[in-house]
Amino acid sequence: MRKKIVAGNWKMNTTVTEGVELAKSIVAKVNEIPVGVSLVVAPPFTHLTSVAEVLKGSPVALSAQNCADQPKGAYTGEVSAEMLKDAGCSYTILGHSERREYYGETSEKLVKKMALAFENGLKVIFCVGEKLAERQEGQHFDVVSAQISEVLFGLTPAQMAKVVIAYEPVWAIGTGVTATSEQAQEIHAFIRKTLAAHFGEDVAAKTTILYGGSCKPSNAQELFACPDIDGGLIGGASLKADDFIAIAKS
Ligand code: PEP
């Protein structure tokens, strides 16, 4: 009933040439992916138009990793949602923990970015997740609930249909430590319950919730078998076409 997605966040990796090669290798294997699973790749901004060319005619969707919180104008170094749409994106990632941590991405900014993404016809992969100390202190439910309510609760159900949530525990991102399937399922079910309490069961049941954090071919199957995990947001392992495809086949 809800979409299954495997999305690759390339972060600040690959040159344009390498990114185009990676996209070509993914497209070449896309017919190995089970029906009902959608693939998304999120290269750096400089790669978007070249990768869009490679993806043309394939079912692989293009995403940005971020967008500006202003529509246009004197914001040096920023890239607007309108530009992303024009470059061929259908998604943007918003609220990744690296942006929250290193670039001051607050919920207030994320509300603005999300509105601009929707205005420009982009869907959003919205990331949430707690830090290690927060989990150790048992605050992970409160942290994730606040991240969701501050940014998503102002949306309409129609806008929620354009949101994919990615639960990414910060302690699992790029560390090689993966959440156990029990830990991940527990918080995914909590996220769905939080959505149900605000938007109703229908919206909650239809929202795709991805897991992210050291997901790889060897652990994807167990994670994706959980009832509330609808796929993954993949960092490191999305830089190798074979691994990315193996994860998507899981
Ligand atoms: C990410 O940063 O979105 C991510 C999941 O990274 P990794 O898979 O490398 O942990």
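Because the structure is a prediction, the values reported are computed rather than measured.

What counts as what
Residues numbered from 1 in each chain as written. Predicted model: local features only at pLDDT ≥ 70, side-chain atom pairs only at ≥ 80, totals over all residues. Heavy atoms only, no water. Axes fitted to C-alpha atoms, helices over the stretch in contact; angles between N-to-C directions. Helix = DSSP H or I, 4+ residues; strand = E, 2+ residues; numbered from the N terminus. Parallel < 35°, antiparallel > 145°, perpendicular 65-115°, else oblique. Left-handed = near helix turned anticlockwise from the far one by under 90°. Contact = heavy atoms within 4.5 Å. Salt bridge = Lys/Arg side-chain N within 4 Å of Asp/Glu carboxyl O. Buried < 20%, exposed > 50% of the residue type's maximum accessible area, 1.4 Å probe, protein only.

## Quick notes on the packing of helix H7 (residues 140-152) against helix H9 (residues 181-199)
And then number 1: At a minimum axis separation of 11 Å, H7 and H9 run at an interaxial angle of 40 degrees. For the element pair H7 / H9, the angle class is oblique. Pair H7 / H9 crosses with right-handed handedness. Contact with H7, carried on its side by His-140, Phe-141, Val-144, Ser-145, Ile-148 and Leu-152, involves Glu-186, Ile-187, Phe-190, Ile-191, Thr-194, Leu-195 and Phe-199 of H9 and no other residues of that element.

## Examining the pattern of salt bridges
And then number 1: Taken as a whole, this structure holds 13 salt bridges when the rule is applied.
And then number 2: In this structure, Arg-2 engages Asp-230 in a salt bridge whose closest nitrogen and oxygen atoms are separated by 2.8 Å. On the criterion of sequence distance, the pair formed by Arg-2 in the segment before strand S1 (4-9) and Asp-230 in the loop between helix H11 (217-224) and strand S8 (231-234) is long-range, its members being 228 residues apart.
And then number 3: Judged by its relative accessible area of 23%, Arg-2 is partly exposed.
And then number 4: A salt bridge links Glu-53 to Lys-56, with the shortest nitrogen-to-oxygen separation between them at 2.9 Å.
And then number 5: Among the ionic contacts, a cluster of salt bridges with common partners joins Arg-2, Arg-192, Asp-228 and Asp-230.

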